[in-house]
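Structure assessment
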Amino acid sequence: MVVRFFPFSAVIRAILSNRTMHWMEMEKDELEKQYSPSRWSHRMAADDVIKAHVKALKEGTERARSLAQTLIDVPYGEGDGEKLDVYIPRTNSLDVNLVIYIHGGYWQFLSKEESGFMAVPLIDKDVVVVAVGYDIAPKGNMDLMVSQVRRSVASVIQQYSHIRGLYLCGHSAGAHLAAMVLSTDWSQYSVTPDIRGAFLVSGIYDLLPILSTYVNEPLKMTEEVAVRNSPSKLVPQLKLSSSGCQIVVAVAQNDSPEFRKQSEEYYKTLEAAGLNVTMEDVANTDHFNIIEQLVDGDYHLTKLLLKMMGKS
Ligand SMILES: N[C@@H](CC(=O)c1ccccc1NC=O)C(=O)O
């Protein structure tokens, strides 16, 4: 009897073995779809969900700037783009918590100008909110952006040394940058921040899959750059620098399977390393409204963030 083996395609292999495809097995089209968050929203067409996202962030930030006392364009470094905005609560107490928000936008869109949207429910509970600016591509590259967010955190704790607790929140590319902050060897800096908690929302923690996609066109990362800036490869450093940090890895129910996998795998690696980490799979959200809804004090993630700071 002649037994013939047919070459199975990667797709069929994945289906037969009941697992999702590894990114290395994907055709370029499929990989680019997986890394196009707007194409996975159940609410709107791709273009519309991005327009609505920018509008929601802008309006939320305008509202926060009209309601809060603010310090806009505070420098944290010499560079033009090295500025941050502070949203200040009404309390007279200096004993307050502070949240640093790092915006998303694939390291090539958005800015701090539309990143104060989550300040209102937080300043209402006496929390200071800082929205960090950094040089997106093509002006900035990955190494620079990582260095900038690290320096911004060092600068904030030098400026606000009296604060009770320092917390980080980042969305999408900003969750990647926040994870890089947690993975910093602070011996090169003049301060060692004690980050109490970090909210990593719909982030990317392994940069290798995006190297060959459209996302990398303005970034121009080489494999070496992608490896040294991948939080998934820096967990031992995170353990050294941020072992006391309570980490929440949050992902949207309607994020793409690749995005969901990025969060699940990073969560599992942190957990296996013995870190204080929880996974939040946020029901009925997509890549965009998972963060937009932080304008609302009753939203699950807002309440969780306040609870982490002892304010429920
Ligand atoms: N090509 C990307 C674009 C994108 O991610 C984005 C575009 C504008 C503003 C924010 C974005 N992403 C996340 O914050 C997408 O398909 O969603």
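Residues numbered from 1 in each chain as written. Predicted model: local features only at pLDDT ≥ 70, side-chain atom pairs only at ≥ 80, totals over all residues. Heavy atoms only, no water.

Focus: the pattern of salt bridges
What counts, and what does not: Think of a salt bridge as a Lys or Arg side-chain nitrogen and an Asp or Glu carboxyl oxygen that are within 4 Å of each other. For the purposes of this entry, the term helix denotes a DSSP run of H or I that reaches at least four residues, the term strand denotes a run of E that reaches at least two, and both are numbered from the N terminus. We call a residue buried when its accessible area falls under 20% of the maximum for its residue type, exposed when it is over 50%, and partly exposed in between, using a 1.4 Å probe and counting protein chains only.
Inspection of the entire model under this criterion finds 14 salt bridges. Glu59 is the partner of Lys55 in a salt bridge, and the nearest nitrogen-oxygen pair spans 3.4 Å. Highlighted residues: Lys55 and Glu59, both in helix α3 (residues 46-67), separated by 4 residues, approximately one helical turn. Residue Glu82 pairs with Arg151 through a salt bridge whose shortest N-O separation is 2.9 Å. Pair noted here: Glu82 is in the loop between β1 (69-75) and β2 (83-88) and Arg151 is in helix α5 (residues 142-159), with a separation of 69 residues, a long-range link. You can call Glu82 buried: its relative accessible area is 6%. Because the salt bridges share partners, they merge into one network encompassing Arg65, Asp73, Asp85, Lys112 and Glu113.

Some words on helix α6 (residues 173-182)
Quick reminder: α-helices carry 3.6 residues per turn. Residues three or four places apart thus point the same way. Counting buried positions over the 10 residues of α6 gives 10, a clear majority of the element. Residues of α6 that are buried include every one of Ala173, Gly174, Ala175, His176, Leu177, Ala178, Ala179, Met180, Val181 and Leu182, and no others.

Some thoughts on the pairing of strand β8 (residues 277-282)
In plain terms, the rule: By this definition, two strands are paired if DSSP reports at least two bridges between them. Clockwise travel from the first strand over the helix to the second, with the strands pointing away from the viewer, marks a crossover as right-handed.
Of the strand pairs in this sheet, strand β7 (residues 246-252) and β8 are connected by 6 bridges, and their pairing is parallel. From the neighbouring strand, Ala252 faces β8, where its bridge partner is Val282. Handedness of the β7-helix α10 (residues 257-272)-β8 crossover: right-handed.

Quick look at the packing of α5 against α6
Our working definition: Orientation is described by lines fitted to C-alpha atoms, with helices fitted over the stretch in contact, and by angles between N-to-C directions that extend from 0 to 180 degrees. Two helices that cross are described as forming a left-handed crossing if the nearer one is turned anticlockwise from the farther one by less than a right angle, and a right-handed crossing if clockwise. Contacts: residue pairs with any heavy atoms within 4.5 Å of one another. Residue classes follow a fixed rule: Ala, Val, Leu, Ile, Met, Phe, Trp, Tyr, Cys and Pro count as nonpolar, while Asp, Glu, Lys and Arg count as charged, and any other residue, Gly among them, counts as polar.
The geometry of α5 relative to α6 is characterised by a closest axis approach of 9 Å and an angle of 65° between their N-to-C directions. Seen from above, α5 lies across α6 with right-handed handedness. Contacts between α5 and α6 involve Met142, Met145, Val146, Val149, Arg150 and Val153 from the first element and His176, Leu177, Met180 and Val181 from the second. Tallied by class, the residues present in the contact of α5 with α6 amount to 8 nonpolar, 1 polar and 1 charged.

Observations concerning the layout of surface pockets
Under the convention used in this document: Only protein atoms enter the 1 Å grid, on which a cavity is a set of points fitting a 1.4 Å probe that cannot get out and a pocket is an open set with protein on both sides within 12 Å along at least 5 of 7 lines, lining residues being those with an atom within 4 Å of a point. Grid points are joined across faces, edges and corners, and a volume is the space filled by probe spheres set on the points.
What the largest pocket holds in volume is close to 290 Å³. Every residue lining the largest pocket is counted, 16 residues in all, and those nearest its centre are Ile50, Gly105, Tyr106, Phe109 and Phe288. At 3 residues, the largest contribution of residues to the lining of the largest pocket is made by α3. What the second largest pocket holds in volume is close to 210 Å³.

Examining the environment of Val282
Looking at where Val282 falls in the secondary structure, it is placed in strand β8. C-alpha separation for the pair Val282 and Gln262, spaced 20 residues apart in sequence, amounts to 15 Å. Every residue in contact with Val282, bar those within four places of it in the chain, is listed here: Ala250, Val251, Ala252, Gln253, Ile290, Tyr299 and Leu301.

What to know about the UniProt feature "active site" (unreviewed entry) in the protein chain
So the rule is basically this: UniProt positions are given in the numbering used here, feature names are shortened, and annotations may be inferred rather than shown by experiment.
According to UniProt, the positions carrying the feature "active site" (unreviewed entry) are Ser172, Asp255 and His287. These residues run over 116 residues, yet every pair of their C-alpha atoms falls within 10.7 Å of each other. Those annotated residues lining the largest pocket are, specifically, Ser172 and His287. You can see Ser172 is positioned in the loop between β5 (165-171) and α6. The exposure class of Ser172 is buried, given its relative accessible area of 4%. Apart from residues lying up to four places away in sequence, Ser172 is in contact with Gly104, Val201, Ser202, Gly203, Ile204 and His287. Following the sequence through the fold, His287 ends up in the loop between β8 and α11 (289-292). His287 sits in the buried class, given a relative accessible area of 3%.

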